[in-house]
Amino acid sequence: MPELTAVAARVEGAVRKGTRRLRTAGCATPRLDAELLLASTLAVDRARLVVESPRPLTADELARFQELIARRELREPVAYILGAKAFRRISLHVDQRALIPRPETELLVEAALDLPPGARVLDVGTGSGAVALAVKDERPDLQVWGVYIDADAVELARANARALGLSVDFVVGDLTAGLWGDAVLANLPYVADDAPLAPEIRQWEPPKALFAGADGLTLIRRLVSNLDRVSVAALEVGFDQADAVATLLGEAGFGAIERRRDLAGYERVIVGRR
Ligand SMILES: C[S@@+](CC[C@H](N)C(=O)[O-])C[C@H]1O[C@@H](n2cnc3c(N)ncnc32)[C@H](O)[C@@H]1O
């Protein structure tokens, strides 16, 4: 595998060689990843790399970039390497304690935006705090809680709340932890135990954030059976679980069911209202 030597030690050459290494390692978006890692190394925006393209890298910059490329070659996700992920209008610190927030999860936030003033919102399985914090950011009048099963990881969500100056209470507990909300938003684990997953997910993200039994619905089923007094339930699901979860919500007394699609056209968030 070609090393990034002094010959490549200009911005343009570093991107090219980094891209080649990541493509060989099987990364799906090698050029984008190499650019993001170099932009982080140089502490510039990715767009700025075009302007900087003939500029030589210092020995320190080259060494640092090599280190990041080597991590990505092991299929560590870019968000964990950079320690940050954008989600709606906020940027979250992320590390291996929690799942990296995904674009489709932004649909969960939308389900809370038309709630009446002062309504109570629970984000169940809050992870990095992404959903709870984005809701609070966009609707500061709502009362928002995030619940997380893992006592160590909940500190990540609390640190994100402090960094963003957002007032959200994070509670350690199982599912709703006995709390009640007008709305319950949940991106719980929904992957079937034997599902094939990319190395970035299977080797790097926490199993507790992914797997939920033979059909992936163990936790969602348990949550839906405990939503008696909830007016709005919004649940993220896998690409082939929409029908099953819409049925569960209907059986639990949610009369109006809405399905929201991700950018690929899959029904990924099911919203029940009563
Ligand atoms: C798919 S991740 C979602 C994280 C975050 N909400 C997001 O969308 O980026 C699911 C989260 O639910 C948590 N979790 C798993 N079982 C739980 C339970 N019984 N009660 C509460 N949270 C749970 C996991 O630890 C994990 O952080």
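Refer to the structure above for everything that follows.
Okay, so let's go over this structure. Worth saying up front: this structure is predicted, and the values here are computed from it rather than measured.

The subject of this paragraph is the packing of helix H1 (residues 11-24) against helix H4 (residues 59-73). One can describe the packing of H1 onto H4 by two numbers: an axis separation of 10 Å at closest approach and a directional angle of 20°. By the angle between their axes, H1 is roughly parallel relative to H4. The two elements H1 and H4 meet at a crossing, and its hand is right-handed. For the pair H1 and H4, contact is made by Ala-14, Gly-18, Arg-21 and Leu-22 and by Phe-65, Gln-66, Ile-69, Ala-70, Arg-72 and Glu-73, respectively. Here the contact of H1 with H4 is composed, by residue class, of five nonpolar, two polar and three charged.

In this structure the tally under the stated criterion is 31 salt bridges. Note that Glu-61 and Arg-55 form a salt bridge whose closest N and O atoms lie 3.1 Å from each other. Residue class for Arg-55 comes out partly exposed when judged on its relative accessible area of 27%. The network of salt bridges with common partners includes Arg-88, Glu-110, Glu-138, Glu-258, Arg-260 and Arg-273.

With that out of the way, let us pick up the packing of aromatic side chains. The full count for this structure, using the stated rule, is one aromatic pair. With 5.5 Å between their ring centres and 65° between their planes, Phe-239 and Tyr-266 make a pair best called edge-to-face. Of this pair, Phe-239 sits in the loop between strand S7 (232-236) and helix H11 (242-251) while Tyr-266 sits in the loop between strand S8 (256-261) and strand S9 (267-273), placing them 27 residues apart in sequence. On the basis of relative accessibility, which here comes to 53%, the residue Phe-239 falls in the exposed class. Seen from the ring of Phe-254, Arg-274 lies directly overhead, with NZ or CZ sitting 3.9 Å from the centre.

Quick look at the site of the ligand now. Around the ligand sit 17 residues in total, of which Gly-125, Tyr-148, Asp-174, Leu-175 and Asn-187 are the nearest. Take Thr-126: an N or O atom from its main chain is 3.4 Å from a nitrogen atom of the ligand. Between an oxygen atom of the ligand and a side-chain N or O atom of Asn-187, the distance comes to 2.8 Å.

Rules of the game
- Residues numbered from 1 in each chain as written.
- Predicted model: local features only at pLDDT ≥ 70, side-chain atom pairs only at ≥ 80, totals over all residues.
- Heavy atoms only, no water.
- Axes fitted to C-alpha atoms, helices over the stretch in contact; angles between N-to-C directions.
- Helix = DSSP H or I, 4+ residues; strand = E, 2+ residues; numbered from the N terminus.
- Parallel < 35°, antiparallel > 145°, perpendicular 65-115°, else oblique.
- Left-handed = near helix turned anticlockwise from the far one by under 90°.
- Contact = heavy atoms within 4.5 Å.
- Nonpolar A, V, L, I, M, F, W, Y, C, P; charged D, E, K, R; others polar.
- Salt bridge = Lys/Arg side-chain N within 4 Å of Asp/Glu carboxyl O.
- Buried < 20%, exposed > 50% of the residue type's maximum accessible area, 1.4 Å probe, protein only.
- Phe/Tyr/Trp six-rings, centres within 6.5 Å; stacked < 30°, edge-to-face > 60°.
- Lys NZ or Arg CZ within 6 Å of the ring centre and 35° of its normal.
- Near = heavy atom within 4 Å.
- Polar contact = N/O pair within 3.5 Å; in protein donor to acceptor, adjacent residues only side chain to side chain.

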